[in-house]
Amino acid sequence: MKSKTRKIALLLMNLLAVLALLCSCGSELDGTWTSRADKKTKIKFSGDKVKVSYGSFKLNGTYEEDEEDNSVIILNLTDDDGNLYRITAVIALEEDTLTMTNSRGSTEVFER
């Protein structure tokens, strides 16, 4: 009986460890970010998905971190008409503030 209880306890501990790993995979970027400069501009990150909206204009797609520099993200977006956009930005994340600087040097600050 003791052996069976130990096996069940070990199985439960392993299951909890796997669940903890799965739950920790979320990105620090996950959530909705609103531009300080224009409250109509929002970015929503969820897993590897991203949505960008400005009023009724919306872009959907994915994002990835640059393999060589994880402070750089690459957004691969599509608008409602099927137009494709690829945006590369340097990001800085401090608590609930996200700063994004694109390749042209334009900076946008967002708050969670």
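Residues numbered from 1 in each chain as written. Predicted model: local features only at pLDDT ≥ 70, side-chain atom pairs only at ≥ 80, totals over all residues. Heavy atoms only, no water.

Draft legend 1. Structural context of the overall build of the chain. Across its full length, the chain carries one helix and eight strands. Written out in order from the N terminus, the α and β elements of the chain read α-β-β-β-β-β-β-β-β. Counting only residues that meet the buried cut, the chain has 21% of its 112 residues in that class. A sequence separation of at least 24 residues applies to 26% of the contacts in the chain between residues at least 6 apart. Within the structure as shown, the chain displays about 8,300 Å² of accessible surface, and the carbon and sulfur contribution to it stands at 55%. (Helix = DSSP H or I, 4+ residues; strand = E, 2+ residues; numbered from the N terminus. Buried < 20%, exposed > 50% of the residue type's maximum accessible area, 1.4 Å probe, protein only. Contact = heavy atoms within 4.5 Å. Areas by Shrake-Rupley, 256 points an atom, 1.4 Å probe, with all protein chains shown as cover.)

Draft legend 2. Main features of a negative patch on the surface. Residues Glu-64, Glu-67, Glu-68 and Asp-69 make up a contiguous surface patch of negative charge. Within the fold, Glu-64 resides in strand 4 (residues 57–65). (Patch = residues over 30% accessible without salt bridge, like charges linked within 9 Å, V, L, I, M, F, W, Y side chains within 5 Å. Salt bridge = Lys/Arg side-chain N within 4 Å of Asp/Glu carboxyl O. Lys, Arg positive; Asp, Glu negative; His and termini not counted. Charge placed at Lys NZ, Arg CZ, Asp CG, Glu CD.)

Draft legend 3. Looking closely at the nonpolar core. Judged by nonpolar contacts, the single largest core of 16 residues is most densely connected at Phe-45, Val-50, Leu-75, Leu-98 and Met-100. The element best represented in this core is strand 5 (residues 72–79), accounting for three residues. Not counting the four nearest positions on each side in its chain, Leu-75 is found in contact with Phe-45, Val-50, Thr-62, Tyr-63, Tyr-85, Arg-86, Ile-87 and Met-100. (Core = buried A, V, L, I, M, F, W, Y, C linked by side-chain atoms within 4.5 Å.)

Draft legend 4. Seen up close, the layout of surface pockets. Estimates place the volume of the largest pocket at around 400 Å³. Listed by contribution, the elements that provide at least two residues to the lining of the largest pocket are strand 2 (41–46), strand 3 (49–54), strand 4, strand 5, strand 6 (84–94), strand 7 (97–102) and strand 8 (107–111). A breakdown of the residues in the lining of the largest pocket according to their chemical character gives twelve nonpolar, four polar and one charged. (1 Å grid on protein atoms, 1.4 Å probe; cavity = no way out; pocket = protein on both sides within 12 Å on 5 of 7 lines; lining within 4 Å. Points joined across faces, edges and corners; volume = space filled by probe spheres on them. Nonpolar A, V, L, I, M, F, W, Y, C, P; charged D, E, K, R; others polar.)

Draft legend 5. Structural view of the confidence of the model for the chain. Within the chain, residue pLDDT values average 82, and 77% of them lie at 70 or more. Low confidence marks residues 14–25, where pLDDT is under 50. Its contacts with residues over four positions away, or in another chain, come to zero contacts. (pLDDT = per-residue confidence, 0-100.)

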